[in-house]
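# Geometric and topological summary
Here are the chains, one letter per residue:
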Amino acid sequence: MSRAWFISFEGIDGAGKSTHIEGLSTWFQNRGYRVTLTREPGGTPLAEKFRELALHESMDPLTEALLMFAARREHLLNVIEPALARGDVVLCDRFTDATFAYQGGGRGFDWSVLQSLEKMVQKVPATELRQPDLTIWFDLPPEVAAQRLSTARVPDKFESQPLSFFQNVREGYAKRMQASPKRFAQISADQTREGVWTDVLHAIEKAYTA
Ligand code: TMP
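Residues numbered from 1 in each chain as written. Predicted model: local features only at pLDDT ≥ 70, side-chain atom pairs only at ≥ 80, totals over all residues. Heavy atoms only, no water.

Counting its secondary structure elements, the protein contains eight helices and five strands. Along the protein, helices and strands appear, N-terminal first, in the series β-α-β-α-α-β-α-α-β-α-α-β-α. A compact globule built from 210 residues should have a C-alpha radius of gyration of about 17 Å, and the protein, at 16 Å, falls within 12% of that. Overall size of the protein, expressed as C-alpha extent along the three principal axes, is 45 × 40 × 30 Å. Looking at the protein as a whole, 51% of its 210 residues are labelled buried. Partitioning the contacts of the protein with sequence separation of at least 6, the portion at a separation of at least 24 is 78%. Summing over all exposed atoms, the protein offers an accessible surface of approximately 10100 Å²; the carbon and sulfur share of this is 52%. In the protein, which carries 25 positive and 27 negative side-chain charges, the distance between the mean positions of the two groups comes to 4 Å. (Helix = DSSP H or I, 4+ residues; strand = E, 2+ residues; numbered from the N terminus. Rg over C-alpha atoms; globule rule 2.2 N^0.38 Å. Buried < 20%, exposed > 50% of the residue type's maximum accessible area, 1.4 Å probe, protein only. Contact = heavy atoms within 4.5 Å. Areas by Shrake-Rupley, 256 points an atom, 1.4 Å probe, with all protein chains shown as cover. Lys, Arg positive; Asp, Glu negative; His and termini not counted. Charge placed at Lys NZ, Arg CZ, Asp CG, Glu CD.)

This is the structure:
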């Protein structure tokens, strides 16, 4: 691996991606890479303020989509692009596929408007359309996720959505993967932690040798 890599992690709430993202950060660092570990919405002081609003205030779907993309623009220009320019491995807990899955799939918001916003927001000096090099999708049946979440912390605005919302989010991810199959690695999150970790490493190795 000789260049900066941008890896995003996706999945419905309760899919258990956070543990593996931290594990991967250590895994890369042990191999001598510099890692930028970050998340969306968030990753900068301003984008974290947007996150607070997006996760806890109710708002109209377009406002919500704009807020996600506003946070993304801020994060991209101030954290992701500088990190890639330095040659870091960027591990990002959610990126633009989450907007398509949650706002597009979950909320049923106009997919083509999201595509226009994506083109605008992810156009940066280094490239016409910044996208992750690899997106690892922790796929989990929504019923299983709901069981896991019922014992977790107090749910935020998205986590407290009904099962049907997460079924639509899952379909949103599937649609995104269909449009960019090479970028996506779909992993079953409905297995032991060790099993998921093995699949994560396999996805990384496969992407790096491709
Ligand atoms: P997290 O809890 O995994 O950090 O994600 C924050 C929540 O925000 C999660 O429920 C998914 C949601 N979200 C969107 O609805 N749209 C987006 O574009 C992003 C990045 C997250």
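So, on to the side chain of His20. Along the polypeptide, His20 turns up in helix H1 (residues 17-30). Setting aside residues no more than four positions away along its own chain, His20 makes contact with Phe138, Arg193, Val196, Trp197 and Val200.

Below, the discussion takes up the nonpolar core. If you look at the biggest cluster of nonpolar residues, it comprises 42 residues, and the most contacted ones within it are Ile7, Leu24, Phe28, Leu91, Tyr102, Ile136 and Ile204. Counting residues in hydrophobic clusters, the runner-up holds 10 residues, among them Ala4, Ala83, Cys92 and Val124. (Core = buried A, V, L, I, M, F, W, Y, C linked by side-chain atoms within 4.5 Å.)

On to the pairing of strand S3 (residues 89-93), then. With five of five residues buried, S3 lies mostly within the body of the structure. With burial as the criterion, each face of S3 is covered, one bearing Val89, Leu91 and Asp93 and the other bearing Val90 and Cys92. In the sheet, strand S1 (residues 5-10) pairs with S3 via five bridges, with the strands oriented parallel. The residue of S3 that forms the bridge with Phe9 is Asp93. (Pairing = 2+ DSSP bridges.)

By nearness alone, 14 residues border the ligand, and Asp13, Arg51, Arg94, Thr99 and Gln103 come closest of all. Contact distances for the ligand include 2.9 Å between an oxygen atom and a side-chain N or O atom of Asp13. In this structure, Lys17 approaches the ligand through a side-chain N or O atom, which is 3.1 Å from an oxygen atom. In the complex, the protein chains occlude 95% of the 480 Å² of accessible area that the ligand would expose alone. Among the secondary structure elements, those contributing two or more residues to the shell around the ligand are helix H2 (45-56), helix H3 (61-86) and helix H4 (96-106). In terms of residues, the shell around the ligand owes the most to one element, H4, which gives four residues. By residue class, the composition of the shell around the ligand is six nonpolar, two polar and six charged. (Near = heavy atom within 4 Å. Polar contact = N/O pair within 3.5 Å; in protein donor to acceptor, adjacent residues only side chain to side chain. Nonpolar A, V, L, I, M, F, W, Y, C, P; charged D, E, K, R; others polar.)

Let's shift gears to unusual backbone geometry. Excluding glycine, most residues fall at negative phi; most peptide bonds, likewise, are trans. Here the amide bond leading from Glu40 into Pro41 is cis, since omega sits at -10°, within 30 degrees of zero. Within the fold, Pro41 resides in the loop between strand S2 (35-39) and H2. Positive phi is not limited to glycine here, since Arg94 has a value of about 80°. Mapping Arg94 onto the fold places it in the loop between S3 and H4.

Throughout the structure, instances matching the rule amount to 15 salt bridges. Where Glu48 meets Arg39, a salt bridge forms, and the shortest distance between an N and an O atom there is 2.7 Å. Look at Arg39 and you get partly exposed, because its relative accessible area is 34%. Close ionic contact of Arg72 with Glu40 constitutes a salt bridge, the shortest N to O distance being 2.6 Å. In this pair, Arg72 is assigned in helix H3 and Glu40 in the loop between S2 and H2, connecting sequence segments 32 residues apart. Linked through salt bridges whose partners overlap, the residues forming this network are Asp97, Glu118, Arg176 and Arg183. (Salt bridge = Lys/Arg side-chain N within 4 Å of Asp/Glu carboxyl O.)

In this structure, Ala179 sits in helix H7 (residues 163-179). The class of Ala179 is exposed, set by a relative accessible area of 62%. The sequence separation of Ala179 and Leu24 amounts to 155 residues, and the corresponding C-alpha distance is 26 Å.

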